[in-house]
Amino acid sequence: SQTIHQWPATLVQPVGSPLSLECTVEGTSNPNLYWYRQAAGRGLQLLFYSVGIGQISSEVPQNLSASRPQDRQFILSSKKLLLSDSGFYLCAWSPPQGKGSYNEQFFGPGTRLTVL
Amino acid sequence: AQSVTQPDIHITVSEGASLELRCNYSYGATPYLFWYVQSPGQGLQLLLKYFSGDTLVQGIKGFEAEFKRSQSSFNLRKPSVHWSDAAEYFCAVGAFGNEKLTFGTGTRLTIIP
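Attention in this report is confined to the structure presented alongside it. Bear in mind the structure is a predicted one, so any value in this text is a computation, not a measurement. Positions within a chain are numbered from 1, following the residues in the order the chain's sequence is written. Labels are handed out in written order, letters beginning with A for the chains and numbers beginning with 1 for the ligands. Note on the predicted model: pLDDT of at least 70 is required for a residue's local features to be given, and 80 or more for side-chain atom pairs to be given and counted; whole-chain, interface and lining totals, by contrast, use all residues. The basis for every side-chain value is the complete set of heavy atoms in the structure, and neither hydrogens nor water enter the calculation.

### A few points about the sheet that holds strand 3 (residues 19-26) of chain A
Each strand in a sheet pairs with its neighbour through backbone hydrogen bonds, running either in the same direction (parallel) or in the opposite one (antiparallel).
Residue and element names in this part refer to chain A.
Stage number 1. One requirement defines pairing of two strands: DSSP has to find at least two bridges between them. Helix numbering and strand numbering both begin at the N terminus, where a helix is a DSSP run of H or I of at least 4 residues and a strand a DSSP run of E of at least 2. Read from one edge of the open sheet, 4 strands run 1-3-8-7, paired in antiparallel fashion. Each edge of the open sheet is held by one strand with a lone partner, namely strand 1 (3-7) and strand 7 (64-70). Neighbour-to-neighbour, the strand axes of the sheet open up by a mean angle of 20°, direction not taken into account.
Stage number 2. Summarising the sheet, strand 1 and strand 3 pair through 5 bridges and their orientation is antiparallel. Note on strand 3: the bridge partner recorded for Gln 6 is Cys 23. To obtain an axis, a line is fitted to C-alpha atoms, over the contacting stretch when the element is a helix, and the angle between two such axes runs from 0 to 180 degrees between their N-to-C directions.

### Digging into the packing of aromatic side chains
Stage number 1. In summary, the pairing rule links any two rings of Phe, Tyr or Trp, Trp by its six-membered ring, whose centres are within 6.5 Å, and it sorts them by plane angle into stacked for under 30 degrees, edge-to-face for over 60 and tilted for everything else. Enumeration according to the criterion identifies 16 aromatic pairs over all chains in this entry.
Stage number 2. Ring plane angle 50° and centroid distance 5.7 Å describe the contact between Phe 63 of chain B and Tyr 89 of chain B, whose orientation is recorded as tilted. Note that Phe 63 of chain B is positioned in the loop between strand 7 (56-58) and strand 8 (64-68) and Tyr 89 of chain B in strand 10 (residues 87-95), a separation of 26 residues in sequence. We note that Phe 63 of chain B, like Tyr 89 of chain B, is buried.
Stage number 3. An aromatic cluster is built from Tyr 34, Tyr 36, Tyr 49 and Phe 107 of chain A together with Tyr 32, Phe 34, Tyr 36, Phe 51 and Phe 103 of chain B, whose rings are joined through pairwise contacts. The cut-offs for exposure are 20% and 50% of the maximum accessible area for each residue type, with area from a 1.4 Å probe on protein chains only; residues under the lower value are buried, those over the upper are exposed, and the others partly exposed.

### Quick word on the state of the cysteines
Residue and element names in this part refer to chain A.
Stage number 1. Disulfide assignment relies on a single distance test, namely cysteine sulfur atoms paired within 2.5 Å. Per the stated rule, a full pass over the model turns up 2 disulfides over all chains.
Stage number 2. Linked covalently through their sulfurs, Cys 23 and Cys 91 form a disulfide whose S-S length is 2.0 Å. When the S-S torsion is -75°, as for the bridge of Cys 23 with Cys 91, the disulfide is left-handed. Linking Cys 23 in strand 3 with Cys 91 in strand 9 (residues 87-94), this pair joins segments that are 68 residues apart in sequence. As far as the burial class goes, Cys 23 and Cys 91 line up, both buried.

Rendered as structure tokens:
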């Protein structure tokens, strides 16, 4: 069966510090990968998605970036955090197109980021 | 472009009562439709999905949803809610050839004794 991991679970960082959040998926190959952000009491905002190694699509221009160095690894980064980067960050995966996939996404447990 | 509307921001239901959460979508072709549930501080869990065929789909935790093309709706139902159903519920729509899902803004469900 497939599992998705995110770490760290919680993070408190000062403004201007760097950020690295990691997401890994087990039990599948060539998944589509996604980063979302939830601000307090708000819905889901898609930040980045990737359909393959080194292929990143950005949905929202901001000071965040994403990378996919390995097939099942997705990293969210920032060089300098802003107060507005605080939120709940969710990673998700979906089966690749063409393998009986209907684009259902499966979510990780999330990372709570507080920028002070 | 796809869009999803969840008209109810917050719903309060008594334990044991029936539940219906509304979801309306906008999409030209046959959509893929999903309901997710999120408990506080947790990730989203897939409750059920519709791709084609029988318009009434069963999901986990006793939930069901009905696809009504004429009304562009995919409402979530449960005959009798439990206190553990208190959570945020998200409807989402996808489509063939599109790697992304479009999520609604969510409905927060509160259960009272």
